[in-house]
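# Topology and contacts: notes
Now for the letters of each chain:
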Amino acid sequence: MNAYAPILVLGAIAAAFAVGSVVMASLTGPKRYNRAKLEAYECGIEPTPQPVGGGRFPIKYYLTAMLFIVFDIEIVFLYPWAVSFDALGIFGLVEMLLFIATVFVAYAYVWRRGGLEWD
Amino acid sequence: MHLAAAYDTLAFFGRDPWWLVLLKAVFCFAFLVLTVLIAIVWERKVVAWMQLRIGPNRHGPWGLLQSLADGVKLALKEDLVVKGADKAVYILAPIVAAIPAFMSFAVIPFGPAGNEVSIFGTRTPLQLTDLPIALLYILATASVGIYGIVLAGWSSGSTYPLLGGIRSSAQMISYEIAMGLSFAAVFIYSGSMSTSEIVASQQPTWFAVLLPVSFIVYIVAMVGETNRAPFDLPEAEGELVGGFNTEYSSLKFAMFMLAEYVNMVTVSAVASTLFLGGWRAPWPISTFWEGANHGWWPMLWIVLKIQLLLFFFIWLRGTLPRLRYDQFMKLGWKVLIPVSLVWLVMVSAVRALRNEGYDFTKVLLYVGAPLAAVLLVALIADVVRKKPEEPPAAAPPAAFDPMAGGYPVPPLPGQELPPVPRRRRRTPQLQDALNGADHSEGS
């Protein structure tokens, strides 16, 4: 069998278990209607009305997401380099150092401009 | 020269008959579920001991069936779908969280790749499968697992879950970077991303010893990645009630708990595989017992290592208070990422120089000697340098007047409350304040 097939087998078992549990829960549990029970939980007070789609949240999180993409792409480039590190020799090392330094400049800039501060 | 060829173990995978694949997959699944069931009881017991309580002891001997009882109880609870929920996503989220948690365990090696054991007459490696990109696959499934949590928070149509879900996504992606960077140093040493080859390349020394900084960064990142104390901000009970799973009940809630604990087992297994020698016997045993790393024994060692790391998780939870969110993000972005980047540069530079045949001791001498000299000079300068004059002792603080603002305030550090009026004579200032007279300072 293909080396990737066992992953699908394990995934299928996990999926059967997860879907089965969720379906089973809807069958085994009781069902008693209560208007207050279906309200959003907010420590007992009347829940704040939520705009459709979840509303707004701090812009900080977008910044974190953008920074994550920058570094994740750096990692994507690092992995093949690391795996064939011994074959690339000094040339590979210097090239990657240049790349890391370039990303590091952006990182230092973000840090200095306060992009990594919360509050 | 490509060292990876020395540990060519991938050829052993993808050759099992279908029934063996099924058997191994069922084993992986059962192993995870059983480990989780035991880990929950064990966690409650250990935390109870740390807090001088007894912990669960009603269900089964020593409370061992507690998690099973919890599961049955959850199954018999009403399956709520809150009014404001986006129904399809709300139901899908726990499933999305649970499936990848199980799937990433597929590439964890329980034993050597060399077809050492025989299961019903078929010789096979003690590992479900292995890929040339096994670690990338683990990172990918871990990322898909985040979707479950974010979607759960978003689809609940409620404030606390939304906050918890967003927090958790920011937290997990922040710590994934540190985790990914710590992997890169391992790949440099192993020359491969396949788990079996990484274990094979830890032949004389574990990577935890060779790459201690990567190991520490990974340990911190794995706790952040699994949302466990002290980094359990997405479900901070004190602030967010339960975080992303506030609106979930019944077995949907159980799926999130299960996913969290399965993720704990998986990251512990990855930590053992990458840094703690995987299925290899720990040091003193491997020296005198030749068979410790062969046959079925490796399974014992890796399970022991996983259990030790799980205990480490519980220990952390019992010991450390939860971080504030800004402290947490600061640790991730300002400490772990630069430290692991600098460490990666150091590791790669040393390795490249060594590969090129530079005499390592000489390089160390040329680089280290000036560095040591600078440090020494700095130390001497620091000792010899004249200390700045001690600032003249601050004038004794003016008598503290708790009523200065017109209403009583507590003393700041360094200030002392005036003596209790009934016992001692009142200072004139306090007397004035008590009489409602104006104070001396401005007027």
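Residues numbered from 1 in each chain as written. Chains lettered and ligands numbered in written order. Predicted model: local features only at pLDDT ≥ 70, side-chain atom pairs only at ≥ 80, totals over all residues. Heavy atoms only, no water.

In this section: the overall build of chain A. Each helix and strand in chain A was counted, giving three helices and zero strands. Helices and strands in chain A line up, N terminus first, as α-α-α. Against the compact-globule benchmark of 14 Å for 119 residues, chain A has a radius of gyration of 25 Å, which places it well outside the compact range. Overall size of chain A, expressed as C-alpha extent along the three principal axes, is 70 × 50 × 20 Å. (Helix = DSSP H or I, 4+ residues; strand = E, 2+ residues; numbered from the N terminus. Rg over C-alpha atoms; globule rule 2.2 N^0.38 Å.)

Broken down by element type, chain B carries 15 helices and two strands. When each of the 443 residues of chain B is scored for burial, the buried share is 50%. Contacts in chain B between residues far apart in sequence, at least 24 positions, make up 77% of those at least 6 positions apart. Carbon together with sulfur atoms contributes 68% to the accessible area of chain B, which is approximately 21,300 Å² in total. (Buried < 20%, exposed > 50% of the residue type's maximum accessible area, 1.4 Å probe, protein only. Contact = heavy atoms within 4.5 Å. Areas by Shrake-Rupley, 256 points an atom, 1.4 Å probe, with all protein chains shown as cover.)

Residue and element names in this part refer to chain B. Looking at the secondary structure, you find T226 in the loop between α8 (212-225) and α9 (237-240). Under the relative-accessibility criterion, T226 is labelled buried at 5%. At 2.8 Å, the side chain of T226 and the backbone oxygen of M222 are in polar contact. (Polar contact = N/O pair within 3.5 Å; in protein donor to acceptor, adjacent residues only side chain to side chain.)

UniProt tags residues 6-27, 61-82 and 88-110 of chain A as "transmembrane region" (unreviewed entry). Helix makes up 100% of residues 88-110 of chain A and strand makes up 0%, while its end C-alpha atoms are separated by 31 Å. (UniProt positions renumbered as here; feature names shortened; annotations may be inferred.)

Attention now goes to the interface of chain A and chain B. In this assembly, 66 residues from chain A lie in contact with 87 residues from chain B. Taken together, the two surfaces of chain A and chain B that pack against each other cover about 6,600 Å², and 76% of this comes from carbon and sulfur. Counting the contacts that link chain A with chain B gives seven residue pairs in polar contact (both at pLDDT 80 or more). For the side of chain A that touches chain B, the secondary-structure elements that each account for two or more residues are α1 (5-28), α2 (60-83) and α3 (85-112) of chain A. At 17 residues, α1(A) tops the list of elements feeding residues into the side of chain A that touches chain B. In terms of residue class, the side of chain A that touches chain B is built from 44 nonpolar, 13 polar and nine charged. (Buried area = accessible area lost by both parts, 1.4 Å probe. Nonpolar A, V, L, I, M, F, W, Y, C, P; charged D, E, K, R; others polar.)

A separate point is α1(A). Compared with the 34 Å implied by 1.5 Å per residue over 24 residues, the 34 Å span of α1(A) between its first and last C-alpha is a close match. Within α1(A) the residues assigned to the buried category are A5(A), P6(A), I7(A), V9(A), L10(A), G11(A), I13(A), A14(A), A18(A), S21(A), V22(A) and A25(A). In this structure, the buried residues of α1(A) make contact with α1 (18-50), α2 (66-75), α3 (87-103), α4 (134-155) and α10 (250-274) of chain B. (Expected span 1.5 Å × (residues − 1).)

What follows is about the packing of aromatic side chains. All told, the structure shown has 31 aromatic pairs over all chains when counted by the stated rule. Pairing F31(B) with F105(B) gives two aromatic rings, centres 5.7 Å apart and planes at 25°, and the pair type is stacked. Taken together, the residues span a long stretch of sequence, with F31(B) in helix α1 and F105(B) in the loop between α3 and β1 (117-119) at a distance of 74 residues. Overall, the relative accessible area of 13% leaves F31(B) in the buried class. Where F183(B) meets F187(B), the ring centres are 6.3 Å apart and the plane angle is 50°; that geometry is what we call tilted. With a gap of four residues between them, F183(B) and F187(B) both fall in helix α5 (residues 159-190), about one helical turn apart. Here F183(B) and F187(B) have matching classes, each one buried. Clustering of aromatic rings is evident, with ring pairs tying together Y79(A), F183(B), F187(B), F215(B), Y218(B) and F275(B). In this arrangement the basic side chain of K45(B) is found over the ring face of W62(B), its NZ or CZ atom lying 4.9 Å from the centre. (Phe/Tyr/Trp six-rings, centres within 6.5 Å; stacked < 30°, edge-to-face > 60°. Lys NZ or Arg CZ within 6 Å of the ring centre and 35° of its normal.)

Bringing the packing of α4(B) against α10(B) into the picture now. Residues and elements named next belong to chain B. Relative orientation of the contacting elements α4 and α10 amounts to 160°, with a least axis distance of 12 Å. As judged from the angle between their axes, α4 and α10 are roughly antiparallel. Judged by the twist between their axes, the crossing of α4 over α10 is left-handed. Here α4 contributes L135, I138, G148 and A152 to the contact with α10, which in turn contributes F256, V270 and L274. For the contact of α4 with α10, a count of residues per class yields six nonpolar, one polar and no charged. (Axes fitted to C-alpha atoms, helices over the stretch in contact; angles between N-to-C directions. Parallel < 35°, antiparallel > 145°, perpendicular 65-115°, else oblique. Left-handed = near helix turned anticlockwise from the far one by under 90°.)

A separate point is the pattern of salt bridges. Where charged atoms of side chains with opposite charge meet at close range, the side chains can pair. Scanning the entire structure with this criterion turns up eight salt bridges over all chains. Between R351(B) and D86(A) there is a salt bridge; the shortest N-O distance is 2.8 Å. Here R351(B) is found in helix α13 (residues 325-355), whereas its partner D86(A) is found in helix α3 on a different chain. Note on R351(B): relative accessible area 12%, which makes it buried. Here R228(B) ties to E43(B) by a salt bridge, and the two come within 2.6 Å at their closest N and O atoms. Taken as a pair, R228(B) in the loop between α8 and α9 and E43(B) in helix α1 lie far apart in primary sequence, 185 residues in all. Side by side, R228(B) and E43(B) carry an identical accessibility label, which is buried. Linked through salt bridges whose partners overlap, the residues forming this network are E43(B), R228(B), E260(B) and R317(B). (Salt bridge = Lys/Arg side-chain N within 4 Å of Asp/Glu carboxyl O.)

Of all hydrophobic cores here, the largest spans 130 residues; its most connected members are W81(A), F105(B), F183(B), Y218(B) and M222(B). Considering every element that reaches this core, the biggest residue donor is α5(B), with 17 residues. Not counting residues within four places of it along the chain, the set of residues in contact with M222(B) comprises M179(B), V267(B), A271(B), L309(B) and F313(B). By size, the runner-up hydrophobic cluster in this structure holds five residues, among which are L74(B), A75(B), L251(B) and A254(B). (Core = buried A, V, L, I, M, F, W, Y, C linked by side-chain atoms within 4.5 Å.)

To continue, consider α5(B). Between the first and last C-alpha of α5(B) there are 46 Å, a value that for 32 residues agrees with the 46 Å anticipated at 1.5 Å per step. Immediately downstream of α5(B), the backbone of G191(B) shows phi near 70°, a positive value.

Turning our attention to the environment of V350(B). All names here are of chain B. Position of V350 relative to the elements: it lies in helix α13. By relative accessible area, V350 is classed as partly exposed at 30%. Considering only alpha carbons, one finds V350 and P411, 61 residues apart in sequence, at a separation of 56 Å.

What follows covers unusual backbone geometry. All names here are of chain B. At W62, a position not held by glycine, the phi torsion is positive, near 65°. Mapped onto the elements, W62 comes out in the loop between α1 and α2. Backbone geometry places S250, a non-glycine residue, at a positive phi of 60°. With respect to the helices and strands, the residue S250 is situated in helix α10.

All right, on to the environment of V199(B) then. One can find V199(B) in helix α6 (residues 195-200). Spatially, the C-alpha atoms of V199(B) and I40(B) are 29 Å apart, while their sequence positions differ by 159 residues.

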